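What the coordinates show
Here's the letter readout for the chains.
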Amino acid sequence: MMQAPRRATVRGPTFIRTLARLTVADLPQPTRSLSDQLSHWIDWTHAVALSTVLDRPAAALDDERINSAAEADECARVRASLTGAIVGDAAFAAPPPTSGQADADEGPDYAFFRQRYLFLQQTMEAGVGRLRDRLRQKLSAQSADLARLADVDAVMERALSRRERSLLSVAPVLLAEHFERLRQNARAGSDDARAPGEAPATAGEAWPDVFRKDMQDVLLAELDVRLQPAEGLLAALATNPHG
C-alpha cells in the first residue's frame with residue numbers, strides 16, 4: 001500500500017504553524033533572510049525617516065521615573081482584554097438547534113465567520129497600536145537610547161503596517177479553504193474531516209465545531225504575533241535602571 005508523502009515541517013511562530021496545519025498544500029519555506037526581506041518591504045521614504053531617527057542627536061530628557069511593573073500590568077491587561085474579545089466573540093457562540101437534518105448537513109455560511117475574523121483583526125490592531133504608543137511614550141521619557149528605540153519603533157510601525165495587513169489578510173482566505181474542505185468531507189461522510197496530519201474529530205463533534213475551534217486557535221496565535229513588538233518595548237523599558 002502506497003503511503004502518502006510526509007509534509008515538510010513548517011518552522012516559525014505558532015501562527016504560521018497553525019495555519020500550515022490547516023492547509024492541504026505544503027507552504028514554501030522562506031528563501032531569503034529577514035534583513036533581505038525588510039529591504040524590499042521598506043520604501044525609500046520610510047528608509048529616509050529611519051535614517052533620520054538613527055542619526056538624530058540625543059535630546060535632553062526629563063528625569064521621569066517609570067514604573068515598569070505598572071507597564072507590564074498594562075500589557076497583561078491588554079492581552080487579557082483582546083483574548084476575551086476573541087474567545088467571547090459571536091463566532092464561537094453555541095449555534096441554535098437545527099430544525100431538520102438538511103439544515104444540520106448544510107451548516108453555517110463562511111461569510112459570517114469571515115466578517116467576524118476581520119472585525120477581530122481590527123480590534124487587535126487598534127488595541128495593540130494603543131499599547132505600543134503608550135510604551136513608546138514611556139521609553140521616550142527615559143534615556144536617549146530608549147528614546148531613539150521608541151522613534152525607530154514608530155517609524156517601523158508606519159513602514160510595515162501595510163505589509164503586515166497584507167500578510168495577515170491571508171488568514172481568512174486559508175480559513176475559507178479549510179471551512180469548505182471540512183464541509184465537503186462531512187457531506188461525503190468522511191471519518192476524518194481535517195487536513196492531512198491533523199487529529200481526527202472526537203466522537204460526536206460536528207464539523208462546524210471543529211472549524212470554530214480551529215479559527216479561534218488561529219486568532220489567538222495571531223494575537224501573539226501582533227503583541228511581539230509591544231513585548232519588545234516592554235523588555236527594553238524593564239532594563240531601565242530608573243524604573
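Residues numbered from 1 in each chain as written. Predicted model: local features only at pLDDT ≥ 70, side-chain atom pairs only at ≥ 80, totals over all residues. Heavy atoms only, no water.

Broken down by element type, the protein chain carries nine helices and zero strands. Going residue by residue from the N terminus, the α and β elements of the protein chain occur as α-α-α-α-α-α-α-α-α. Expressed as a percentage of contacts within the protein chain between residues at least 6 apart in sequence, the contacts between residues at least 24 apart total 80%. When the accessible surface of the protein chain is split by element, carbon and sulfur atoms take 56% of a total near 14300 Å². (Helix = DSSP H or I, 4+ residues; strand = E, 2+ residues; numbered from the N terminus. Contact = heavy atoms within 4.5 Å. Areas by Shrake-Rupley, 256 points an atom, 1.4 Å probe, with all protein chains shown as cover.)

Secondary-structure assignment places T23 in the loop between α1 (14–21) and α2 (34–41). Polar side-chain contacts of T23 include one of 3.0 Å to the backbone oxygen of A20. (Polar contact = N/O pair within 3.5 Å; in protein donor to acceptor, adjacent residues only side chain to side chain.)

For helix α9 (residues 207–238), built from 32 residues, the straight-helix expectation of 46 Å at 1.5 Å per residue is met to within 8% by its first-to-last C-alpha distance of 45 Å. Maximum bend of α9: about 40°, positioned at Q228, with proline P229 one to four residues after it. (Expected span 1.5 Å × (residues − 1). Bend = angle between axes of the 7 residues up to and from the residue.)

So, about the packing of aromatic side chains. For the structure on display, the rule yields seven aromatic pairs. Ring centres 6.0 Å apart and planes at 50° place the aromatic pair F113 and F179 in the tilted group. With a gap of 66 residues between them, F113 in helix α6 (residues 110–140) and F179 in helix α8 (residues 170–187) connect regions that are remote in the sequence. A residue is classified by how much of its surface remains accessible, and F113, at 1% relative accessible area, is buried. Note on F179: relative accessible area 1%, which makes it buried. Aromatic side chains F113 and F211 sit 5.1 Å apart centroid to centroid with 70° between the ring planes, which places their arrangement in the edge-to-face category. Taken together, the residues F113 in helix α6 and F211 in helix α9 connect sequence positions 98 residues apart. Each residue in the set Y110, F112, F113, F179, W207 and F211 is aromatic and connected to the rest through ring pairs, giving one cluster. (Phe/Tyr/Trp six-rings, centres within 6.5 Å; stacked < 30°, edge-to-face > 60°. Buried < 20%, exposed > 50% of the residue type's maximum accessible area, 1.4 Å probe, protein only.)

Residue position: E222 is located in helix α9. Residue class for E222 comes out buried when judged on its relative accessible area of 0%. Among all residues touching E222, those that are not within four sequence positions of it are F15, Y117, Q121, M124, L168 and A171.

Right, let's get into α6. Along an α-helix, a turn takes 3.6 residues, which lines up residues three or four apart on a common side. With 31 residues, α6 extends 45 Å between its outermost C-alpha atoms, agreeing within 8% with the 45 Å of an ideal straight helix rising 1.5 Å per residue. Near the N-terminus of α6, the side chain that reaches the backbone nitrogen of A111, with its oxygen 3.1 Å away, is that of D109.

Bringing the confidence of the model for the protein chain into the picture now. Taken residue by residue, the protein chain gives an average pLDDT of 78. The fraction at 70 or more is 64%. Within the protein chain, the lowest mean pLDDT, 48, falls on helix α5 (residues 101–106), and the highest, 96, falls on α6. Low pLDDT (under 50) marks residues 1–7, which in the prediction has seven contacts with non-local residues, meaning those over four places away or in another chain. Predicted confidence for residues 99–104 stays below pLDDT 50, and this span has two contacts to residues more than four positions away or in other chains. (pLDDT = per-residue confidence, 0-100.)

What follows deals with the packing of α6 against helix α7 (residues 144–168). One way to put it is that α6 packs onto α7 with a least axis distance of 8 Å and a crossing angle of 165°. As the angle between them shows, α6 and α7 are arranged roughly antiparallel. The handedness of the crossing between α6 and α7 is left-handed. Seen from α6, the contacting residues are Q121, E125, G129, R132, R136, L139 and S140; seen from α7, they are L146, A147, L149, A150, D153, A154, E157, R165 and L168. Residues that form the contact of α6 with α7 fall into these classes: seven nonpolar, three polar and six charged. (Axes fitted to C-alpha atoms, helices over the stretch in contact; angles between N-to-C directions. Parallel < 35°, antiparallel > 145°, perpendicular 65-115°, else oblique. Left-handed = near helix turned anticlockwise from the far one by under 90°. Nonpolar A, V, L, I, M, F, W, Y, C, P; charged D, E, K, R; others polar.)

Here we take up the pattern of salt bridges. Evaluation of the coordinates by the stated rule reveals 17 salt bridges. Notably, a salt bridge pairs R148 with D145, separated by 3.6 Å at the nearest N-O pair. A residue pair is termed a helical-turn pair when its members lie 3 or 4 positions apart in one helix, as R148 and D145 do in helix α7 at three residues. Relative accessible area serves as the criterion here: at 22%, R148 is assigned to the partly exposed category. Close ionic contact of R226 with E164 constitutes a salt bridge, the shortest N to O distance being 4.0 Å. Note that R226 is positioned in helix α9 and E164 in helix α7, a separation of 62 residues in sequence. Given a relative accessible area of 8%, R226 falls into the buried group. Shared partners join several salt bridges into a network, and the residues in it are R132, D133, R136, D153 and E157. (Salt bridge = Lys/Arg side-chain N within 4 Å of Asp/Glu carboxyl O.)

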